[in-house]
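In case you want the letters, here they are:
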Amino acid sequence: MSIEATLADKGITLPAAPMPAANYVPFVQTGNLIFVSGQISQDDNGLIKGRLGDGLSVDEGAAAARCCGLSLIAQLKAAVGDLDRVRRVVKLTGFVNSTADFTDQPKVINGCSDLMVEIFGEAGRHARAAVSAAALPLGVAVEVEAIFEVA
């Protein structure tokens, strides 16, 4: 099944690829790798803000990370046109706006990781880092960047 068919079958609509908010590009391709700049947590209602360990639950954080994943895939589609060119999700780096004593960053970033496996199957399994941040741009809860391999 094509990636577009998988998205449709799961009722997933990709957002428009967000424009950069500063002096950088949304993605860079070098050889067969696509580096997608960090995508911040947002949905149809706007930015998903807050701090894990201080008002946001792990489930809310995971939902925010999933939204980051949707934006990553939207940027990837803008980069390559055809998502069936994706050979592998190579690596995700997730940043979680969290208190000093919050230690469930991996559970939060699972929201994005799970989406990659849901969409790309075994090719969605990836290396990963999930780290805490004292603050993120615009006060968002989560930011995730990614590296993809394409044909």
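Scroll up to find the structure this text is about.
For the structure given in this document, a descriptive report is provided here. This is a predicted model, so every value here is computed, not measured. Within each chain, residues carry numbers counting from 1 in the order of the written sequence. Predicted model: local features are reported for residues with pLDDT of at least 70 only, side-chain atom pairs are reported and counted for 80 or more only, and whole-chain, interface and lining totals are derived from all residues. With hydrogens and water set aside, each side-chain value is computed from the structure's full complement of heavy atoms.

1. A short note on the state of the cysteines
Cysteine sulfur atoms that come within 2.5 Å of each other are treated as a disulfide pair. Scanning the entire structure with this criterion turns up zero disulfides. Free of any disulfide, cysteine 67 has its nearest cysteine sulfur in cysteine 68, 7.2 Å distant. With a relative accessible area of 15%, cysteine 67 lands in the buried category. Note on cysteine 112: no disulfide assigned, nearest cysteine sulfur contributed by cysteine 68 at a separation of 6.7 Å. To sort residues, take the accessible area from a 1.4 Å probe on protein chains only and compare it with the maximum for the residue type: under 20% means buried, over 50% means exposed, and anything in between is partly exposed.

2. A closer look at the pairing of strand β9 (residues 142–150)
Working definition: helices are DSSP H or I runs of at least four residues, strands are E runs of at least two. Numbering for both runs from the N terminus. With seven of nine residues buried, β9 lies mostly within the body of the structure. The sheet contact formed by strand β2 (residues 33–40) and β9 spans six bridges and is antiparallel. Bridge assignment links valine 36 to a residue of β9, and that residue is alanine 146. Being paired, for any two strands, means DSSP has found at least two bridges between them. One ladder, built from nine bridges, connects strand β7 (residues 86–97) with β9; its direction is antiparallel. Of the residues in β9, the one forming a bridge with arginine 88 is glutamate 149.

Nothing here speaks to function; it is geometry throughout.
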